[in-house]
Amino acid sequence: MDLFEYQGKQYFSRFDIPVSPGGVADTVEEALRVAARVGFPVVVKAQVKVGGRGKAGGVKLAATEDEVRTHAGAILGLDIKGHVVKRLWVEHASDIEKEYYASFTLDRPNKVHLGMLSAQGGVEIEVVAEENPDAIAMLQIDPLVGLDVATARRWVAEAGLDEAARAQAAELLVKLYTCYVEGDCDLAEVNPLILTPDGRVHALDAKVTLDENAAFRHPEWEEYRATETEDPREKMAKEKGLNYIGLDGTVGIIANGAGLAMSTLDVVNQVGGSAANFLDIGGGANADVMAAALEVINTDPKVKSIFVNIFGGITRVDEVAKGVVEALSRVTISAPIVLRLDGTNAVEGRAILEAHLNDRLLTEPTMLDAARRAVAFANQ
Ligand code: GDP
Ligand code: MN
């Protein structure tokens, strides 16, 4: 689960990582109240879960009430890469001497935590990585050993952070690491981490992704979940561990593999239909997964037909067919289902389904035929 910047900063605060004083605002009036409380100048920041807000006009400095009014008014409702701004974070503006970058994430292949630190912050780290990879100091951290201040000190020196920032930055990095580990983050990123002209180091931005697998030990994450503006279908799919994206059409789609699911959407479009969703059941799907997939699609009142498109590779078609049969015994599906089953054990799979076929559960030999049939049902 990704957090908004303001939530990330609240999370940082719990681990004693310094951030600027501020508050959230959903209206221009609230923005004015927060500004008065934290003191001018302030920075007015769009709260959307996407990077590059600064470049998109979603981060503005305001020295007066009038400027707060202007900027808050302009940023609320702004569309940033498809995310419409509904909430602002207003904080006391900082003077910036230097902008750095710091993050912790998991280095899966090496089974360690990975710290990334750069004296070139403020810009997207991907850009730094491409144009000047040496400017990023990577630190692999054995999770059993952790990160101590001495190591962090060597790290900030290696990254070339200014002398004036090093001691505080080292201390902050240890806290950020603690936040990342004890706070069960998949990612804890600060960009920019700043040094002020009067020699203070603090986090000016916060990007935090929480590890959903650890949700059971964080009842307090409920408040973050409450602010997730999620499609109810997507929410249900997530609860069932499915890769689902809700769309606006009438043909429900289930496929194995993201590539095939996308092709299925295209083919449905090509023959004059429109997809109600994207759903990839992944490799090796069993009856439970299939039942869950049908169940989620079944809750969507827009769905007029369901197209199950399986090309067996690692996934065996007979297993999928068993899954469909079992799913049908568990869930009453309201829309007709058209199946295209091909690949590994397709013959066995079709044989399993044979006895269950009727005019609302049928198979077609090819993807195109199945798409036509499903679209015909949907357009009836
Ligand atoms: P992002 O573009 O979504 O990553 O948003 P950030 O929170 O990182 O802000 C973008 C940029 O705005 C930063 O890199 C800073 O240069 C600038 N900025 C943000 N807050 C302040 C502030 O308090 N004072 C000043 N002078 N600039 C700021
Ligand atoms: Mn940033």
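Novice: Is there a simple way to explain the overall build of the protein in this structure?
Specialist: Along the protein, the regular secondary structure elements total 13 helices and 18 strands. Its C-alpha atoms put the protein at 80 × 50 × 40 Å along the principal axes. When the 380 residues of the protein are sorted by exposure, 49% land in the buried category. Partitioning the contacts of the protein with sequence separation of at least 6, the portion at a separation of at least 24 is 69%. Summed over its atoms, the accessible surface of the protein is roughly 17800 Å², and 51% of this surface lies on carbon and sulfur atoms. Put simply, the protein has 38 plus and 57 minus side-chain charges, and the middle of one group is 3 Å from the middle of the other.

Novice: Would you mind going over helix 11 (residues 317-330) with me for this structure?
Specialist: Given 3.6 residues per turn, any residue in an α-helix points the same way as the ones three and four places further on. Taking 1.5 Å of rise per residue, 14 residues should cover 20 Å, and helix 11 covers 20 Å from first to last C-alpha, within 8% of that figure. All of the buried residues along helix 11 are Val317, Asp318, Val320, Ala321, Gly323, Val324, Val325 and Ala327. In the core, the buried residues of helix 11 are packed alongside helix 10 (287-298), strand 16 (305-312), strand 17 (337-343) and helix 12 (346-354).

Novice: Any chance you could explain the coordination of the manganese ion (ligand 2) here in plain terms?
Specialist: In an ideal tetrahedron of four donors about a metal, each angle is 109.5 degrees. In an ideal octahedron of six donors, the angles are 90 or 180 degrees. Distances from the manganese ion (ligand 2) to its protein donors, Asn191 (O) and Asp205 (OD), fall within 2.2 Å. Within this pair, whereas Asn191 is found in strand 10 (residues 185-195), its partner Asp205 is found in the loop between strand 11 (201-203) and strand 12 (207-210), the two being separated by 14 residues in sequence. Of the two residues, Asn191 and Asp205, neither departs from the other in class, the shared state being buried.

Novice: Even after reading the chapter, I still don't get the pattern of salt bridges, so can you show me in this structure?
Specialist: For side chains bearing opposite charge, pairing can occur when the charged atoms are close. Scanning all chains against the criterion turns up 27 salt bridges. Here Lys9 ties to Glu5 by a salt bridge, and the two come within 2.7 Å at their closest N and O atoms. Placement of both Lys9 and Glu5 in helix 1 (residues 5-14) is noted, with a separation of four residues, approximately one turn of the helix. Across the pair Arg373 and Glu364 runs a salt bridge, and its minimum N-O distance is 2.4 Å. The exposure class assigned to Glu364 is buried, which follows from its relative accessible area of 13%.

Novice: Sorry, what's going on with the nonpolar core here?
Specialist: For soluble globular proteins, nonpolar side chains are generally found buried alongside one another. Membership of the largest hydrophobic core comes to 42 residues, with the highest contact counts inside it found for Tyr11, Phe12, Phe104, Leu147 and Leu210. Element by element, the count of residues in this core is highest for helix 6 (residues 163-182), at 10 residues. Those residues in contact with Leu210, other than ones at most four positions away along the chain, are Met1, Leu3, Tyr11, Gly183, Asp184, Cys185, Asp186, Trp221 and Tyr224. Counting 34 residues, the second largest nonpolar core, distinct from the first, contains Ala276, Ile281, Ala293 and Leu339.

Novice: What is the right way to read the site of ligand 1 from this model?
Specialist: If you check the shell around ligand 1, you find 16 residues, and the closest are Lys45, Arg53, Gly54, Ser94 and Glu99. At a separation of 3.5 Å, an oxygen atom of ligand 1 approaches a polar backbone atom of Gly52. Compared with its free state, where it exposes 560 Å², ligand 1 has 79% of that area covered by protein. Secondary structure elements with two or more residues in the shell around ligand 1: strand 2 (42-46), strand 3 (59-62) and strand 10.

Novice: What exactly am I supposed to notice about the packing of helix 9 (residues 258-270) against helix 13 (residues 367-379) here?
Specialist: The packing of two helices is summarised by the inter-axis angle and the distance between the axes. Closest axis-to-axis distance for the helix 9/helix 13 pair is 9 Å, and the angle between their directions is 60 degrees. Of the possible angle classes, the one that applies to helix 9 and helix 13 is oblique. Crossing of helix 9 over helix 13 shows right-handed handedness. Along the contact surface, helix 9 presents Leu260, Ser263, Thr264, Val267, Val268 and Gln270, while helix 13 presents Met367, Leu368, Ala371 and Val375. Residue composition of the contact of helix 9 with helix 13, grouped by class: seven nonpolar, three polar and no charged.

Novice: Just to check I follow, could you spell out the domain arrangement of the protein for this structure?
Specialist: For the protein, the domain assignment lists domain 1 (21-92), domain 2 (98-225) and domain 3 (232-379). Averaged C-alpha coordinates put domain 2 and domain 3 at centres separated by 42 Å.

Rules and cut-offs
Here the residue numbering is sequential within each chain, running from 1 through the sequence in written order. Labels follow written order: the first chain is A, the first ligand is 1, and so on. Given that this is a predicted model, residues contribute local features only at a pLDDT of at least 70 and side-chain atom pairs are listed and counted only at 80 or more, while totals for whole chains, interfaces and linings are drawn from all residues. Excluding hydrogens and water, the side-chain values take into account all heavy atoms of the structure. Under the DSSP-based scheme used, a helix requires at least four consecutive residues in state H or I and a strand at least two consecutive residues in state E, with every element numbered from the N terminus. When a residue's accessible area, from a 1.4 Å probe over protein chains only, is under 20% of the maximum for its type it is buried; when over 50% it is exposed; and in between it is partly exposed. Working rule for contacts: check all heavy atoms of both residues, and any pair within 4.5 Å makes them a contact. Where accessible areas are quoted, they stem from the Shrake-Rupley method and a 1.4 Å probe; at the residue level, only the protein chains shown are allowed to cover. Asp and Glu count as negative and Lys and Arg as positive, but His and the ends of the chain are not part of the count. Every charge is mapped onto a representative atom, which is NZ of Lys, CZ of Arg, CG of Asp or CD of Glu. For a helix, the expected span equals 1.5 Å multiplied by the residue count minus one. Listed donors are limited to N, O and S atoms within 2.8 Å of the metal, widened to 3.2 Å for Na, K and Ca; water is not among them, so incomplete-looking sites are possible. For this analysis, a salt bridge means a side-chain nitrogen from Lys or Arg found within 4 Å of a carboxyl oxygen belonging to Asp or Glu. Side-chain atoms within 4.5 Å are what join buried Ala, Val, Leu, Ile, Met, Phe, Trp, Tyr and Cys residues into a set we call a nonpolar core. The cutoff for a nearby residue is simple: one of its non-hydrogen atoms must lie within 4 Å of the molecule or strand. The term polar contact refers here to a pair of N or O atoms within 3.5 Å; inside protein, the definition further demands a hydrogen-donor-capable atom paired with an acceptor-capable atom, and it admits residues adjacent in sequence only when both atoms are side-chain atoms. With axes taken as lines fitted to C-alpha atoms, and helix axes fitted only over the stretch in contact, angles between N-to-C directions fall between 0 and 180 degrees. Note on angle classes: values under 35 degrees are labelled roughly parallel, values over 145 roughly antiparallel, values of 65 to 115 roughly perpendicular, and the remainder oblique. A crossing counts as left-handed when the near helix is turned anticlockwise from the far one by less than a right angle, and as right-handed when that turn is clockwise. We call Asp, Glu, Lys and Arg charged. Ala, Val, Leu, Ile, Met, Phe, Trp, Tyr, Cys and Pro are nonpolar, and the rest, Gly among them, are polar. Where each domain begins and ends is defined by an automated method or by a domain database.

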